[in-house]
Protein chains: 2
Amino acid sequence: MPTYTAPVADIQFVLHDVLKVAGQDIPGYADLDPDFTAAVFEEAGKIASHVLAPLNRVGDVEGCMLENGVVRTPTGFRAAFEQLKAGGWPALECDPAYGGQGMPALLGTAVGEIFSAANQSFTMYHGLTHGAYSAIRSHGTAEQMATYLPKLVSCEWTGTMNLTEPHCGTDLGLMRTKAIPQADGTYRITGQKIFISAGDHDLAENVVHLVLAKIPGGPEGIKGVSLFIVPKILVSDDGALRGRNAVSVGKLEEKMGVHGNATCVMNYDEAEGYLLGAEHKGLRAMFTMMNEARLGVAMQGLAQAEAAYQNAAAYAKDRLQGRAVTGPENPDGPADPIIVHPDVRRMLLDQKAFIEGGRAFMLWGATLLDRVRRSGDAEAEGLVSLLTPVLKGFLTDKGFECTIAAQQVLGGHGYIEEWGMSQFARDARITQIYEGANGIQALDLVGRKLASDGGRHMSGFFGRVESFIGACAQKDALGEDFLDPLAAAARDLQAAAAYFLKVGMTDPNAALAGSYDFMHLLGHVALGLMWSQMADASASALAAGEGAAAFHQTKLATGRYYMARLLPATRLHLARIESGAEPVMALGAHAF
Amino acid sequence: MPTYTAPVADIQFVLHDVLKVAGQDIPGYADLDPDFTAAVFEEAGKIASHVLAPLNRVGDVEGCMLENGVVRTPTGFRAAFEQLKAGGWPALECDPAYGGQGMPALLGTAVGEIFSAANQSFTMYHGLTHGAYSAIRSHGTAEQMATYLPKLVSCEWTGTMNLTEPHCGTDLGLMRTKAIPQADGTYRITGQKIFISAGDHDLAENVVHLVLAKIPGGPEGIKGVSLFIVPKILVSDDGALRGRNAVSVGKLEEKMGVHGNATCVMNYDEAEGYLLGAEHKGLRAMFTMMNEARLGVAMQGLAQAEAAYQNAAAYAKDRLQGRAVTGPENPDGPADPIIVHPDVRRMLLDQKAFIEGGRAFMLWGATLLDRVRRSGDAEAEGLVSLLTPVLKGFLTDKGFECTIAAQQVLGGHGYIEEWGMSQFARDARITQIYEGANGIQALDLVGRKLASDGGRHMSGFFGRVESFIGACAQKDALGEDFLDPLAAAARDLQAAAAYFLKVGMTDPNAALAGSYDFMHLLGHVALGLMWSQMADASASALAAGEGAAAFHQTKLATGRYYMARLLPATRLHLARIESGAEPVMALGAHAF
């Protein structure tokens, strides 16, 4: 049975030694002193280890059941959800005006990692609720806010997002679900939505569906899509529940993973709905949540990697097979623990170096999001819009790879469900697909974000890399191991960006053929920057004699591994990008 | 519901245009004319498409059941197994003296791909039987051969391999299963074995277990391991079955995939067994089968990739979402098929280019195996021993990656079990683990094969690359697109081999830290060689006006993709190798 322990020291290091959050000029950040955040993470860690992690395999094995139109969650989920609500955890990031605790996205993201690592399926129920909360808070009327927000903040009600239809996923312009205006200002929603996570369940008394639909007579395609609030149970003016809406679960999907979360086919049959935001501006309302939701999925990918890594490392220190090639390290035992073998270490370090770098990238992204929301910072907004597809695509791809590597450490036991390693991989796999498949992230990055605002956001990113290298140029501790490889990787990134600028206008396929590699190339440079910053922080702490020396020495060694063994991937991505459109587009469709 | 069609034209191309098998001086190969092999593959393809593929999801969903000590296979497996036996398919590669058809391993491997792609779990039952057949044929007494071989050839009985114990997988020296000699020359076997594929089932009247165990008083560790034949049901001298042996199924494992194959905990409780081969030489007997078995697993990895690719390509041509960036290609439809999008093509071509190159590599490996067996060729034996870990490790790693990429093409539908893409990935995953986890393959390659016989096998491989490049130097059709990148990749491989030679003696950890990258580096160069040979064959056919021009043009374009977009990975692998042991070994075990 796998276990999970929140990596509090690692999170604290990123917040306080690297990002120095309490000193950042973001409203609310001054309160984030190390003692306070440590207390929050320790408390979240206890729930994660003792309540959520033990339910992870229960959820996987039992899954959700649809019985007489009602979805039952796995044994124990309901009690755990009550415990989470009682602790106010779902309200952490929400507006105090509606019962929230007003904490920054940074804190919510870090806590989200802890809960998600312990039990992704479970954590999705309140994660999606937060998405619905954000949409209503950004686009709702005063009345809508008063009706829905307090219930969503407390998780007495939960939320969903309804975009996909059987014939239309990425291309929402093909949508068929209809919303017919009624005389009383409400709409009648009719259509079928699929892949609705947490679409129904027994954890809350109501489910608030946010549904994209078309009002007849509106513009064609994607410009005629509006967003509606469609509660499972209708709400009276006084807030009381007044009976079922015409919303039903058509089917529960059997999936590769996240079995504990109900993925529903939702049928709307003249269901009562209320316009959220302006008519035909539904996508804009949905996109408000996008950066937040995509950062949330990046977090999930990373979280599964962390959970899998912890169990792989424990196994590698425990399992005795063979002897170290340089002589026995456990001479009194029948064999050495497999962690003595270089290739086992390679697998563990691939994970460890990615996870710690990825966490820094994710938490940096969360501070940018806070800076946008709390300070209205335009530069941060540009940067976070550029980096969001990278966070989502790169961290979930690498996160999944880590779960596979972790599984491999256990050999045959990794393939047996009882050991739990398969579930980490199966659950992580969805993060590469939902909230915009990773290929769509790459398209968003290269097709829109890269050139937007005259390429200013990309220049801003390069500027940060360059100014960090410049500021550290005199630090011998970093030079050869960190700054040189970072500079080389940044040059690869610049060459790739220059290539897109050159060919993008004349041969858009050439840019798009390299989009996925560019997403990974940018991800590697971002992690190279993160590792260089972490190395700088650890080297400074060691020089000043602050903190635990072993902790900082481990950071430096792990960072060196990243720079030496993972970052050189930038050259391969550049070679692929520069091969252009021809290899990708040469064949007609019939040749596949 | 996924479908499968045997890629007969692609297999035929490798056999006849590239390897020109009928002209090779290997006994039995002269019979392999194109009409004959095409007829075999077409017939195997019919069974695969119409009998085995429809049972693939049945096997996944139902799995095997242990009821009162008896394992039941999924609905339909038994009838399909009878059909396969009736067609003589399991006997294809076996010795005619025991009822086999005497075909080369080459034919068996190609047919194995077809069956395995359609249903890996099912195909394992007779695949493992062939392993037991090979061991007994190589090491059995005349009496043992007479008793067991005809039944294994016909699959009236099936076979297993019993190596792993709960505390001992890779390190077989830790084995505890005991074999106590009896006065009548038999042994009493007692112990527990785990992860026994096809350990029990209802497809055959008997199961012949090959069991590794220790005879008390023998040498310590791995040198004291012997191999035994332990039938589930004891056999009288006249060949009649005479009652149950003390062998029982302790448990069926719940696994990530291959649910249709029973993975058993086998308990031996003073079971009657018969020594196979010499006392204490059990590992040697097991290793006889190893090259064959590892090639078989490489084949499985490739086969799942092919099956997944076929369904991903079909989906990409059918699913309408969005428009080509260069203008609508399906202007009368609501959207274009997603195959117009460069990133979708990237995913498909990553698969297609790997699969076709990998198939050529695998079939070349099978001809080398035939040359060893049928001609006793020492050079081929050295080369196949060098390439076997690469075939197993590289083709299964890349095969799994292909199934993940294929799943990604389907977006959300890829994650839903009903579509079958998840099963391809879950089934393929085991190929990276069993028959020696891929890290062990890398260790075998760098720790043993690379330097064995003074590095002669590696030099032999380089010699083949160089002589091919030399022979083609005047062919303009190949130069820039194929020969130049192949030569560059071969230089990376040579640099890596030179690095290992330099550091291997003084710092074995430095060699082992790079072993996995070396396995992939060698795999890429091998596929680069295969693609160059295929390009040469297709260019020649086009120049001569032979064959279907579209087929050969597609081969050339797919090959160019491999050379331009996949082969450059050699540089990254070399960089990782040359980073040495330090990044991998720097941390103490406590730091993980």
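Along every chain, residues carry numbers that run from 1 in the direction the sequence is written. For this description, chains carry letters from A and ligands carry numbers from 1, given in the order in which they are written. Thresholds applied to this predicted model are a pLDDT of at least 70 for local features of residues and 80 or more for the giving and counting of side-chain atom pairs; totals over whole chains, interfaces and linings are not thresholded and use all residues. To get the side-chain values, all heavy atoms of the structure are used, and hydrogens and water are removed first.

## A closer look at the overall build of chain A
Helix and strand definitions follow DSSP, with helices as H or I runs of at least four residues and strands as E runs of at least two, each counted in order from the N terminus. Counting its secondary structure elements, chain A contains 20 helices and eleven strands. Taking 592 residues into account, the globule formula puts the C-alpha radius of gyration at 25 Å, and chain A, at 24 Å, falls close to it. Expressed along its principal axes, the backbone C-alpha trace of chain A runs to roughly 80 × 60 × 55 Å. We call two residues in contact whenever any of their non-hydrogen atoms come within 4.5 Å of each other. Intrachain contacts of chain A at a sequence separation of at least 6 include 73% that bridge at least 24 residues. In the form shown here, chain A has an accessible surface area of approximately 20000 Å², with 53% of it arising from carbon and sulfur atoms. Counting rule for charge: Lys and Arg are taken as positive, Asp and Glu as negative, and neither His nor the chain ends is counted. Working definition for charges: the position is that of NZ of Lys, CZ of Arg, CG of Asp or CD of Glu. When the 48 basic and 65 acidic side-chain charges of chain A are each reduced to a single mean position, those positions are 3 Å apart. Values of the radius of gyration come from C-alpha atoms, whereas the globule rule sets the reference at 2.2 Å times the count of residues to the power 0.38. Using the Shrake-Rupley algorithm and a 1.4 Å probe, accessible areas are obtained, with residue cover drawn only from the displayed protein chains.

## Examining the UniProt feature "domain: Acetyl-CoA dehydrogenase-like C-terminal" (unreviewed entry) in chain A
UniProt positions are given in the numbering used here, feature names are shortened, and annotations may be inferred rather than shown by experiment. According to UniProt, the feature "domain: Acetyl-CoA dehydrogenase-like C-terminal" (unreviewed entry) maps to residues 461-587 of chain A in the numbering used here. Annotated as 83% helix and 0% strand, the span residues 461-587 of chain A places its first and last C-alpha atoms 36 Å apart.

## Things to note about the UniProt feature "domain: Acyl-CoA oxidase/dehydrogenase middle" (unreviewed entry) in chain A
The UniProt record marks residues 161-269 of chain A with the feature "domain: Acyl-CoA oxidase/dehydrogenase middle" (unreviewed entry), using the residue numbering of this structure. The span residues 161-269 of chain A is 0% helical and 49% strand by assignment, and the distance between its end C-alpha atoms comes to 17 Å.

## Quick look at the pattern of salt bridges
All names here are of chain A. In the sections that follow, a salt bridge refers to a side-chain nitrogen of Lys or Arg positioned within 4 Å of a carboxyl oxygen of Asp or Glu. Across all of its chains, the model carries 68 salt bridges over all chains by this definition. One salt bridge in this structure joins D10 and K555, with 2.8 Å as the shortest N-O distance. Pair noted here: D10 is in helix 1 (residues 8-18) and K555 is in helix 18 (residues 549-566), with a separation of 545 residues, a long-range link. For the pair shown, D10 and K555 are each scored as buried. Per-residue accessibility, obtained with a 1.4 Å probe over protein chains only, is compared with the maximum for each type, and a residue is labelled buried under 20%, exposed over 50%, and partly exposed between these values.

## Focus on helix 10 (residues 378-409) of chain A
Every α-helical turn comprises 3.6 residues, leaving residues that sit three or four positions apart pointing alike. All names here are of chain A. Expected helix span is given by 1.5 Å per residue-to-residue step, counting one fewer step than there are residues. For helix 10, which comprises 32 residues, the first-to-last C-alpha distance of 45 Å matches the rise-based estimate of 46 Å (1.5 Å per residue) to within 8%. Bend at a residue means the angle formed by two fitted axes: the first through the 7 residues ending at that position, the second through the 7 residues beginning there. Along helix 10, the sharpest change in direction is near 35° and occurs at L387; proline P389 comes one to four residues later. Distance and chemistry together define a polar contact, namely a pair of N or O atoms within 3.5 Å, with one atom able to donate a hydrogen and the other to accept it when in protein, and with adjacent residues in sequence counting only for side-chain atoms on both sides. The opening residue of helix 10, the one whose side-chain oxygen lies 2.9 Å from the backbone nitrogen of E379, is D377. Two residues or fewer after helix 10 comes G411, characterised by a positive phi angle close to 55°.

## So, the pairing of strand 5 (residues 187-197) of chain B
For a regular strand, the rule is simple: side chains alternate between the two faces of the sheet. Residues and elements named next belong to chain B. Relative to strand 5, strand 4 (residues 178-181) is paired through four bridges, and the arrangement is antiparallel. Bridge pairing in strand 5 places A179 opposite I189. When DSSP locates at least two bridges between a pair of strands, those strands are taken to pair. In this structure, the hairpin formed by strand 4 and strand 5 is closed by a connection of five residues, where G185 is found at a positive phi of approximately 90°. Where strand 5 lies against strand 11 (residues 263-275), nine bridges are found, and the strand directions are antiparallel. Each bridged residue has a counterpart across the sheet, and for R188 the counterpart in strand 11 is E272.

## Notes on the packing of aromatic side chains
Think of it this way: a Phe, Tyr or Trp ring, Trp meaning its six-membered ring, pairs with another when their centres are within 6.5 Å, and the plane angle makes it stacked under 30 degrees, edge-to-face over 60, tilted otherwise. Counted according to the given criterion, the structure contains 24 aromatic pairs over all chains. Among the aromatic side chains, those forming a connected cluster through ring pairs are F77, F81 and F122 of chain A. Seen from the ring of F400 of chain A, R429 of chain A lies directly overhead, with NZ or CZ sitting 5.6 Å from the centre. For a Lys NZ or an Arg CZ to count as sitting over a ring, it must be within 6 Å of the ring centre and within 35 degrees of the ring normal. Between the NZ or CZ atom of R346 of chain B and the centre of the ring of Y516 of chain A, over which it lies, the distance is 3.9 Å.

## As for the relation of the copies chain A and chain B
What sets the superposition is a least-squares fit of C-alpha atoms, and only residues with pLDDT of at least 70 in both copies go into it. The two copies are related by a screw operation: chain A maps onto chain B through 180° of rotation and 0.0 Å of translation along the axis, at an RMSD of 0.0 Å. One copy is carried onto the other by what is essentially a two-fold rotation axis. Of the C-alpha atoms belonging to chain A, the one lying closest to the rotation axis is found on L572 of chain A, 3.3 Å away. When the interface residues of chain A are mapped onto chain B, 100% of them are again interface residues, pointing to one common binding face.

## With respect to the interface of chain A and chain B
Taken together, the contact pairs 89 residues of chain A with 89 residues of chain B. In this description, buried area is defined as the sum, over both parts, of the accessible area (probe of 1.4 Å) that is lost when the two are combined. When the buried surface of chain A facing chain B is broken down by residue, Y415, R565 and F592 of chain A rank first, second and third, together holding 13% of it. At the boundary of chain A and chain B, one finds four salt bridges. When the shortest N-O distance is used, the salt bridge between E418 of chain A and K251 of chain B registers 2.9 Å. We call Asp, Glu, Lys and Arg charged. Ala, Val, Leu, Ile, Met, Phe, Trp, Tyr, Cys and Pro are nonpolar, and the rest, Gly among them, are polar. For the side of chain A that touches chain B, a count of residues per class yields 46 nonpolar, 24 polar and 19 charged.

## Quick word on the packing of helix 5 (residues 105-118) of chain A against helix 8 (residues 282-318) of chain A
Residue and element names in this part refer to chain A. Note on geometry: axes are C-alpha line fits, over the in-contact stretch for helices, and angles between N-to-C directions span 0 to 180 degrees. Where helix 5 meets helix 8, the axes come as close as 8 Å, and the angle between the chain directions of the two elements is 50°. The pairing of helix 5 with helix 8 is recorded here as oblique in orientation. The handedness of the crossing between helix 5 and helix 8 comes out as right-handed. Contacts between helix 5 and helix 8 involve T109, G112, E113, S116 and A117 on the former and, on the latter, L295, M299, Q300, L302, A303, Q304, E306 and A307. Here the word oblique covers every angle except those under 35 degrees (roughly parallel), over 145 (roughly antiparallel) and from 65 to 115 (roughly perpendicular). We call a crossing left-handed when the near helix sits turned anticlockwise from the far one by less than a right angle, and right-handed when that turn is clockwise.

## Examining the packing of helix 15 (residues 479-504) of chain B against helix 17 (residues 515-544) of chain B
Residue and element names in this part refer to chain B. Direction vectors running N to C along helix 15 and helix 17 enclose 155°, while the axes themselves pass 10 Å from each other. Taken together, the axes of helix 15 and helix 17 are roughly antiparallel relative to one another. For the pair helix 15 and helix 17, the crossing hand works out as left-handed. Along the contact surface, helix 15 presents F482, L486, A489, A490, D492, L493, A496, A497 and F500, while helix 17 presents S515, F518, L521, L522, V525, G528, L529, W531, S532 and A535.

## Thoughts on the environment of I26 of chain B
Residue and element names in this part refer to chain B. When you line up the elements, I26 lands in the loop between helix 1 (8-18) and helix 2 (34-52). Owing to a relative accessible area of 3%, I26 belongs among the buried residues under this scheme. Residues I26 and S375, spaced 349 residues apart in sequence, show a C-alpha to C-alpha distance of 6.4 Å. Each residue touching I26, except ones within four places of it in the same chain, is listed here: T367, D370, R371, R374 and S375.

## Structural notes on the pairing of strand 6 (residues 206-214) of chain B
Residue and element names in this part refer to chain B. Among the nine residues that make up strand 6, nine are buried, leaving the element largely enclosed by the rest of the structure. Alignment of strand 3 (residues 157-162) against strand 6, held across six bridges, turns out to be parallel. By the bridge assignment for strand 6, G159 is matched with V208. Alignment of strand 6 against strand 7 (residues 225-231), held across seven bridges, turns out to be antiparallel. In the sheet register, A213 faces strand 7, and the bridge partner there is S226.

## Focus on the side chain of S197 of chain B
By the secondary structure assignment, S197 of chain B is in strand 5. The contact partners of S197 of chain B, leaving out residues within four places of it in the chain, are M124, L128, T160, N261, A262 and T263 of chain B.

## Details of the nonpolar core
The set of buried Ala, Val, Leu, Ile, Met, Phe, Trp, Tyr and Cys residues whose side-chain atoms join them within 4.5 Å is what this entry labels a nonpolar core. If you look at the biggest cluster of nonpolar residues, it comprises 351 residues, and the most contacted ones within it are F461 and F518 of chain A together with F461 and F518 of chain B. Excluding residues that lie within four positions of it along the chain, F461 of chain A makes contacts with W364, L383, L386, L387, L493, L522, V525, A526 and L529 of chain A.

## Considering the state of the cysteines
All names here are of chain A. Our working definition of a disulfide is a cysteine sulfur pair at a distance within 2.5 Å. Under the defined criterion, the tally for this structure stands at zero disulfides over all chains. In this structure C94 is not part of a disulfide, and its nearest cysteine sulfur, from C155, lies 8.1 Å away. C94 gets classed as buried once you look at its relative accessible area, which sits at 3%.

## Some remarks on the domain arrangement of chain A
Residues and elements named next belong to chain A. How far each domain reaches was decided by an automatic or database domain assignment. Looking at the assigned domains, one finds that chain A contains domain 1 (8-138), domain 2 (159-280) and domain 3 (442-584). Between domain 1 and domain 3, the C-alpha centre-to-centre distance is 30 Å. Listed by partner, the interface residues are six residues for domain 1 and seven residues for domain 3. Carbon and sulfur atoms supply 76% of the area that domain 1 and domain 3 bury against each other, a total of about 520 Å² over both sides. Summed over the shared surface of domain 1 and domain 3, the result is one salt bridge. For the pair domain 1 and domain 3, the interface holds one residue pair in polar contact (both at pLDDT 80 or more).

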